[in-house]
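A structural walkthrough
The chain contents come next:
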Amino acid sequence: METTGQHVHFRDLVADNNTRGQKLDDQINHSGTEEDSISDCESGISGPNNDEESQLFGNGLIELDEGDRLHQMIKRKFVSGLGSTGNHASVVAIYRNSCSSFTGQARLQSFRIFAKAMGNKCGGNANLRYAWYGGSKDEIEKIISYGFGHCGDNEDKGLYGHGIYLSPEDFSSDCVESTIVDKDGFKHLMLCRVVMGNMELVHPGSEQCHPSSEEFDSGADNLISPRKYIVWSTHMNTHILPEYVISFRAPCSTKRVQRIQAPMRRPTSPWMPFATLISVLSKFLPAPAMSLITKYHHEHRERKISRYDLIRRVREMAGDKLLTAVIKSYRDKELKSSPDFSTSNGSSASHRWSGRSSGGRQSG
């Protein structure tokens, strides 16, 4: 979703329909069992191998050869998750976490124990998934060495409660937003194995730091099509296993640059003033969510966050279905109150409006 000035556009609510390939989980584990899949790190603990020691990281990360099957699959999944900007991304290297240190071995064994316990609890399915985590090089090095903590900054911290937020394997683009370019011009993402168990829906503004009941184990922003996994602080070093690190160069989204540089113009798709949108949303959303939306709007006006980040956060909290209905309802009322809208010319006016927003109407 994009704004022109302080307006919100309907056309940007249309979700991307990128074709999703086979799950990375299945690709990596097609020749093994789920139990085998948990021990990817363990495979490099002892014995000689042809992998080279990491030149960028020194925490027991082993660089995968470009011809390695895992290298190719992870790279393919990463690039496809970037959408249209994937063609401009350059993967520099992919590393495997060898878990070779004493603490690394302890975390690996702990992960295996909790995965097995979760499987027993959930009828044999621990709901193991792959997910991306983005951060600075320094943060990733500390996580590999010491595990997750709360000493770093997280722009999404607090939005869905107190925990670690990861992006599903098909949405590496979401995590790229939280990466930081290092002194060599590279960005870095971790590909983690995550024990999700039974997920519960978590609403924006949540104050949770643990499951709401014994029935649940983790959280998600959407149970059908999640864009965020939430692993609570109580579980962050037992339910998340960093397995791979990918270093890359990725320019800003071409579309995003064009949006920033494009001259202000009256939108041709349904739109409404942002202040009006906030007023209407307050009738549907809880006070904590509205407080956050208002806060982000003020930050955008003060140029502390970009329009892209503002809209992304509003979409996460309100949901596209509600935003679509609100914006279309507002524009329909505006159209009917327009001096050009009358019984005599209603047919042609209706035709012109449909032509301007046909894409949005089809997706609504």
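Residues numbered from 1 in each chain as written. Predicted model: local features only at pLDDT ≥ 70, side-chain atom pairs only at ≥ 80, totals over all residues. Heavy atoms only, no water.

**Some remarks on the overall build of the chain**
To be explicit about the condition: Secondary structure follows DSSP: runs of H or I at least 4 residues long count as helices, runs of E at least 2 residues long count as strands, and numbering of each begins at the N terminus. We call a residue buried when its accessible area falls under 20% of the maximum for its residue type, exposed when it is over 50%, and partly exposed in between, using a 1.4 Å probe and counting protein chains only. We call two residues in contact when some of their heavy atoms are within 4.5 Å. The Shrake-Rupley method, run with a 1.4 Å probe, gives the accessible areas here. Residue values count only the displayed protein chains as cover.
Scanning the chain from terminus to terminus reveals 12 helices and 13 strands. The buried share of the chain, reckoned over its 364 residues, is 48%. Intrachain contacts of the chain at a sequence separation of at least 6 include 77% that bridge at least 24 residues. A total accessible area of about 18,400 Å² is found for the chain, and carbon and sulfur atoms account for 50% of it.

**Regarding the pairing of strand β8 (residues 187-195)**
Remark: a regular strand shows side chains that alternate across the two faces of the sheet. To keep it simple, the criterion reads: For two strands to count as paired, DSSP must find a minimum of two bridges between them.
Extensive coverage of β8 is indicated by the burial of 9 of its 9 residues. Burial along β8 is two-sided: Lys-187, Leu-189, Leu-191, Arg-193 and Val-195 and His-188, Met-190, Cys-192 and Val-194, pointing in opposite directions, are all buried. Two strands pair when backbone bridges link them, and β8 and strand β12 (residues 240-249) are joined in this way by 8 bridges, in the antiparallel orientation. If you follow Arg-193 over to β12, its bridge partner there is Leu-241.

**Description of empty space enclosed by the protein**
To keep things clear, this is the line we draw: For each structure, a 1 Å grid was placed over the protein atoms alone; sets of points admitting a 1.4 Å probe that cannot get out are labelled cavities, open sets with protein on both sides within 12 Å along at least five of seven lines are labelled pockets, and lining residues have an atom within 4 Å of a point. Grid points are joined across faces, edges and corners, and a volume is the space filled by probe spheres set on the points.
Under the criterion given, the structure shown has 1 cavity of 30 Å³ or more. Its boundaries defined by the atoms lining it, the largest cavity holds a volume of some 90 Å³. Looking at the lining of the largest cavity, the elements that each hand over two or more residues are α4 (102-121), α5 (137-146) and β12. Ranked by the residues each element gives to the lining of the largest cavity, the list is headed by β12, at 3 residues.

**Details of the pattern of salt bridges**
Counted only if it meets this: A pairing counts as a salt bridge when a side-chain nitrogen of Lys or Arg comes within 4 Å of a carboxyl oxygen of Asp or Glu.
Scanning the entire structure with this criterion turns up 8 salt bridges. Between Lys-121 and Asp-217 there is a salt bridge, with its nearest N and O atoms 2.4 Å apart. Of this pair, Lys-121 sits in helix α4 while Asp-217 sits in the loop between β9 (199-201) and β10 (218-220), and the two are 96 residues apart along the sequence. Take Asp-217: its relative accessible area is 5%, and that puts it in the buried class. Residues joined by salt bridges that share partners form a network here, namely Lys-77, Glu-169 and Asp-170.

**Description of unusual backbone geometry**
The phi dihedral of Cys-99 is positive, around 50°, even though this residue is not glycine. Relative to the helices and strands, Cys-99 resides in the loop between β5 (90-97) and α4. Even without glycine at this site, Asn-127 takes up a positive phi of about 55°. Inspection of the secondary structure assignment puts Asn-127 in the loop between α4 and β6 (128-135).

**Quick look at the packing of aromatic side chains**
Heads up, the rule is: Between the rings of Phe, Tyr and Trp (Trp by its six-membered ring), a pair exists once the centres lie within 6.5 Å; its type follows the angle of the planes, with under 30 degrees stacked, over 60 edge-to-face, and the other angles tilted.
Taken as a whole and assessed by the stated rule, the structure comprises 4 aromatic pairs. Measuring from ring centre to ring centre gives 5.4 Å for Tyr-133 and Phe-148, while their planes differ by 85°; the resulting arrangement is edge-to-face. Taken together, the residues Tyr-133 in strand β6 and Phe-148 in the loop between α5 and β7 (163-168) connect sequence positions 15 residues apart. Plain terms: the ring middles of Tyr-160 and Tyr-165 are 6.1 Å apart, the flat faces sit at 85° to each other, and that makes the pair edge-to-face.

**Regarding the pairing of β12**
The element β12 is largely enclosed, with a buried count of 9 among its 10 residues. Pairing geometry for β5 and β12, over 6 bridges, is antiparallel. Note that in β12 the partner of Tyr-95 across the bridge is Val-245.

**A short note on the nonpolar core**
Worth spelling out the cut-off: Definition used in this section: a nonpolar core is a set of buried Ala, Val, Leu, Ile, Met, Phe, Trp, Tyr and Cys residues joined via side-chain atoms within 4.5 Å.
Leu-281, Leu-285, Ile-293, Tyr-296 and Leu-310 are the most contacted members of the largest nonpolar core, which has 28 residues in total. Apart from residues lying up to four places away in sequence, Leu-281 is in contact with Met-290, Ile-293, Ala-318, Leu-322, Leu-323 and Val-326. In terms of nonpolar packing, the next biggest core, distinct from the first, is built from 22 residues, Met-190, Met-196, Tyr-229 and Met-236 among them.

**Topic: α4**
We apply this condition: One less than the residue count of a helix, multiplied by 1.5 Å, gives the span that helix is expected to have.
Its 20 residues give α4 an end-to-end C-alpha distance of 29 Å, which sits within 8% of 28 Å, the value for a rise of 1.5 Å per residue. Downstream of α4 by a residue or two, Gly-123 has a phi angle that is positive, lying close to 70°.

**Concerning the side chain of Ser-136**
Quick reminder of the rule: Polar contacts, as used here, are pairs of N or O atoms within 3.5 Å; protein pairs need one atom able to donate a hydrogen and one able to accept it. Residues neighboring in sequence count only if both atoms are side-chain atoms.
With respect to the element layout, Ser-136 can be found in the loop between β6 and α5. The exposure class of Ser-136 is buried, given its relative accessible area of 16%. Looking at Ser-136, its side chain comes within polar contact range of the main-chain nitrogen of Glu-139, at 3.1 Å.

**Points about the confidence of the model for the chain**
To keep things clear, this is the line we draw: The pLDDT score gives, residue by residue, the confidence of the prediction method on a 0 to 100 scale.
Residues of the chain with pLDDT of at least 70 account for 67%, and the chain-wide mean is 75. This stretch, residues 9-22, has a pLDDT under 50; its non-local contacts, to residues over four places away or in other chains, come to 39 contacts. Confidence over residues 152-156 falls short of pLDDT 50; this stretch has 6 contacts with residues more than four positions distant or in other chains.

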